[in-house]
Structure formats: C-alpha cells, structure tokens
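Topology and contacts: notes
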Amino acid sequence: MLSLGIDPGTASLGYGLVREHDDGSLTCVHYDVIRTRADTPMPQRLKQIHDELVVIVERYQPDRAAVEELFFARNVTTAITVAQARGVVLLALQNAGLPIAEYKPNAIKQSITGYGGADKTQMQEMVRLLLTLDNRPRPDDAADALAVAIADLQHYRLASFNTV
C-alpha cells in the first residue's frame, strides 16, 4: 500500500510517499516540496501546485492520499491561503480517483509519537526511526508530509482490522 501524504501550503507544500509492506514495515519512497514564488499571483501559484501534484500522482501511482487539516491559529491571511492550497490539492487528488483521508495535526502527532502535543523535533525523529532513514527528513514541510502518510497507513490498517 502506497500513501501520498500532503502538508499543504502555498509557498512550500510538502509531500511524502510511504509504502507499507505486507509485513507491516514502512519504506520512504520519495519526499520533497513544491515551492511557489511569493511574487507570483495567487491563481498562478495554485495552478502550479495543482499541475505539479498531478505529475507526482501520475509518476508514483499512490493507492491513497492523506492531507493535513487546516490548523487555524492567529494569522487569518495565512489560513486563507493555506485553505486555498488545500482546495487545489483535494481537487487534484479527487480527479485522480484516489481515496482521500484528512487528519488533524494532533491526530498525526498521536499516531507518530503517541503524544498529540509532540514538537517538530520529536516528530521528525520518529519519522526517521519509523522509515529507517539515516537523517531526519528535511525540509520541515516534507517531514510533516511523511508523517501524514505514515499516520494514514496506520489508520487504514486499523480500519481494515475493524471491518474483519
């Protein structure tokens, strides 16, 4: 099972592909970020995110996808632009016919570290350990996307057990 995890953003959108093998082990297939320039008009930035994500889906052919839900904190403007990016991501994934799951940041942290309040360093170290990587994945957005994919695979496996 191959899951595509997405950490949405307009300046830097993280994505990570994680494969779960029959024995339950996890392998990092690929991770990176889609970067857009701040001086580019928002409609063009959103189109770039869409188009690059379509290429990623076509190249890696994931079985499913997962997107981090929006965490609304203080900056309304940032929240709006991230929501726009999420919309474009959801559209691209839906058009590809992928099953899509959405997870809150605390649920992802809980799945990865066992603690919903884990910090970035704890998350990155657990992602490194779970995927047996030599180093913590970088940049942060890509590491977060790998965590989304891992959480998705764990939730999918648990849901499969509950339906048996």
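Not measured: the values here are computed from a predicted model.

Turning to the overall build of the chain, a few remarks are in order. Check the secondary structure of the chain and you find 5 helices and 5 strands. Reading the chain from its N end, one meets helices and strands in the order β-β-β-α-β-α-β-α-α-α. What you see for the chain is a C-alpha radius of gyration of 15 Å, in line with the 15 Å of a compact globule of 164 residues. In terms of principal-axis extent, the alpha carbons of the chain reach across some 45 × 35 × 30 Å. Of all 164 residues assigned to the chain, the portion counted as buried reaches 43%. Restricting the contact set of the chain to residue pairs at least 6 apart, pairs at least 24 apart contribute 60%. Looking at charge distribution, the chain has the averaged site of its 16 positive side-chain charges lying 5 Å from that of its 20 negative ones.

Going through the model one piece at a time under the given rule, you end up with 10 salt bridges. Between E20 and R157 there is a salt bridge whose closest N-O contact spans 2.6 Å. With E20 in strand β2 (residues 12-20) and R157 in helix α5 (residues 140-162), this pair connects stretches of sequence that are 137 residues apart. With relative accessibility at 29%, the residue R157 sits in the partly exposed group. D51 is paired through a salt bridge with K47; the nearest N and O atoms lie 2.4 Å apart. A residue pair is termed a helical-turn pair when its members lie 3 or 4 positions apart in one helix, as D51 and K47 do in helix α1 (residues 42-60) at 4 residues. Residue classification places D51 among the partly exposed positions, given a relative accessible area of 31%. Three or more residues are tied together by salt bridges with common partners; here these are E125, R128 and R136.

Let's shift gears to the side chain of S3. As for its position among the elements, S3 is in strand β1 (residues 2-7). You can call S3 buried: its relative accessible area is 0%. There is a polar contact of 2.8 Å between the side chain of S3 and the side chain of D152. Excluding residues that lie within four positions of it along the chain, S3 makes contacts with G16, L17, V18, R64, A149, D152 and L153.

It is worth spelling out the packing of helix α3 (residues 105-113) against helix α4 (residues 120-130) at this point. It is the contact of α3 with α4, at a shortest axis distance of 9 Å, that shows an interaxial angle of 50°. Our classification of the angle between α3 and α4 gives oblique. For the pair α3 and α4, the sense of crossing is left-handed. Along the contact surface, α3 presents I108, K109, I112 and T113, while α4 presents Q122, M123, M126, V127 and L130.

Among all residues save glycine, negative phi is the norm, and among peptide bonds the norm is trans. The omega angle of the peptide bond from R138 to P139 is -5°, so this bond is cis rather than trans. For P139, the position within the fold is in the loop between α4 and α5. The phi angle at Q61 is positive, at roughly 50°, despite the residue not being glycine. In this structure Q61 comes out as exposed when scored by relative accessible area, which is 55%. Positive phi, normally seen in glycine, also occurs at T132, with a value near 45°.

What counts as what
- Residues numbered from 1 in each chain as written.
- Predicted model: local features only at pLDDT ≥ 70, side-chain atom pairs only at ≥ 80, totals over all residues.
- Heavy atoms only, no water.
- Helix = DSSP H or I, 4+ residues; strand = E, 2+ residues; numbered from the N terminus.
- Rg over C-alpha atoms; globule rule 2.2 N^0.38 Å.
- Buried < 20%, exposed > 50% of the residue type's maximum accessible area, 1.4 Å probe, protein only.
- Contact = heavy atoms within 4.5 Å.
- Lys, Arg positive; Asp, Glu negative; His and termini not counted.
- Charge placed at Lys NZ, Arg CZ, Asp CG, Glu CD.
- Salt bridge = Lys/Arg side-chain N within 4 Å of Asp/Glu carboxyl O.
- Polar contact = N/O pair within 3.5 Å; in protein donor to acceptor, adjacent residues only side chain to side chain.
- Axes fitted to C-alpha atoms, helices over the stretch in contact; angles between N-to-C directions.
- Parallel < 35°, antiparallel > 145°, perpendicular 65-115°, else oblique.
- Left-handed = near helix turned anticlockwise from the far one by under 90°.

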